[in-house]
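Report on the structure
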Amino acid sequence: TMRKLSTLVPALIISTFFVSSALAAGLSFTPPSGTYDKGQTYNVSIYVNPASDSVYTVKAEVKYPADLLEVKSFSLASGWMALSQPGYDEINNSNGVLIKTGGYTGGLESNALFGIITFYVKGSGSASVSIGSNSQVLDENSKNVLTSRPSASFTLSEKVVPAVPTPAVQDQVETTPAPVVDTIEEGNAVDGLS
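Residues numbered from 1 in each chain as written. Predicted model: local features only at pLDDT ≥ 70, side-chain atom pairs only at ≥ 80, totals over all residues. Heavy atoms only, no water.

1. Some points on the overall build of the protein chain
Note the threshold: Strands here are runs of E lasting at least two residues and helices are runs of H or I lasting at least four, both read from the DSSP assignment and numbered beginning at the N terminus. In this scheme, a residue with accessible area under 20% of its type's maximum is buried, one over 50% is exposed, and one in between is partly exposed, where area comes from a 1.4 Å probe on protein chains only. Throughout, a contact is declared for two residues whenever any of their heavy atoms are within 4.5 Å. Computed with a 1.4 Å probe, the accessible areas rest on the Shrake-Rupley method; for each residue, only the protein chains presented here act as cover.
From N to C terminus, the protein chain includes four helices and 13 strands. When burial is assessed residue by residue, the protein chain has 32% of its 194 residues classed as buried. For the protein chain, the share of sequence-separated contacts (at least 6 apart) that also reach a separation of at least 24 residues comes to 77%. Surface accessibility of the protein chain: about 11,800 Å² in total, with carbon and sulfur atoms responsible for 55%.

2. Some thoughts on the pattern of salt bridges
Test applied: Whenever Lys or Arg places a side-chain nitrogen within 4 Å of a carboxyl oxygen from Asp or Glu, that contact is recorded as a salt bridge.
Under the definition given, this model contains three salt bridges. The shortest N-O distance in the salt bridge between Lys 38 and Glu 158 comes to 3.3 Å. Placement of Lys 38 in the loop between β2 (33-37) and β3 (41-49) and of Glu 158 in the loop between β13 (152-157) and α2 (166-174) is noted, with a sequence separation of 120 residues between them.

3. A look at the confidence of the model for the protein chain
Rules: Scored between 0 and 100, pLDDT is the confidence that the predictor attaches to each residue.
The predicted model of the protein chain averages 82 in pLDDT, with 70% of residues at 70 or higher. Under a pLDDT of 50 for its full length, residues 8-22 has, in the predicted model, three contacts with residues more than four places off or in other chains.

4. Some words on the side chain of Glu 61
What counts, and what does not: The convention is simple: Lys and Arg are positive, Asp and Glu are negative, and His and the chain ends are not counted.
By the element assignment, Glu 61 lies in strand β4 (residues 55-63). Buried and unpaired, Glu 61 has no salt bridge, with Lys 63 as the nearest side chain of opposite charge at 4.4 Å. Ignoring any residue separated from it by four or fewer positions in sequence, one finds Glu 61 in contact with Val 97, Leu 98, Ile 99, Ser 130, Ile 131, Gly 132, Ser 133, Asn 134 and Ser 135.

5. Here we look at the side chain of Ser 54
What counts is decided by this rule: N or O atoms closer than or at 3.5 Å make up a polar contact, with two conditions inside protein: a donor-capable atom paired with an acceptor-capable one, and, for residues adjacent in sequence, both atoms drawn from side chains.
Take Ser 54: it is sitting in the loop between β3 and β4. Ser 54 sits in the buried class, given a relative accessible area of 15%. Polar side-chain contacts of Ser 54 include one of 3.2 Å to the side chain of Glu 109.

This is how it looks when you write it as structure tokens:
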């Protein structure tokens, strides 16, 4: 029975951990990491996981390094109604803060997309993007049930995206003329091509 108990106890601890973490409403980023080049734009999705609660309102405060990243745009996912009062709807590229708030009619009960941020890479370095402490995930009683706020980390490189060499493009265009034999046989087609 001792051997049975030694395998049972870790299983109980693990299952308790998963149950307690599953009850935590959260906001998270997809992708949680990545490598991007200076001058590039890329999208980061914010997901809301209501866990055990029905969620009616989400206020996402996203913090990012203003010297490395700039928010170009934010689009709220379908099903959400934007709340655009002062303090609830802001893109501040000087301070590196994005605040977006939305309500979900009837309540959200499963993991869903909240919105998509489009970032522009201004500099190189390591950029941590986090869910700020002013974020809220509100249940039907307007109680904040947000407990899980994993951040995302992006590596931004100095590499400049190489421009496509122009001669190669011209060569490709010039190597595909209409067959000469066909145009001569058709007579007037030569005039139409020039």
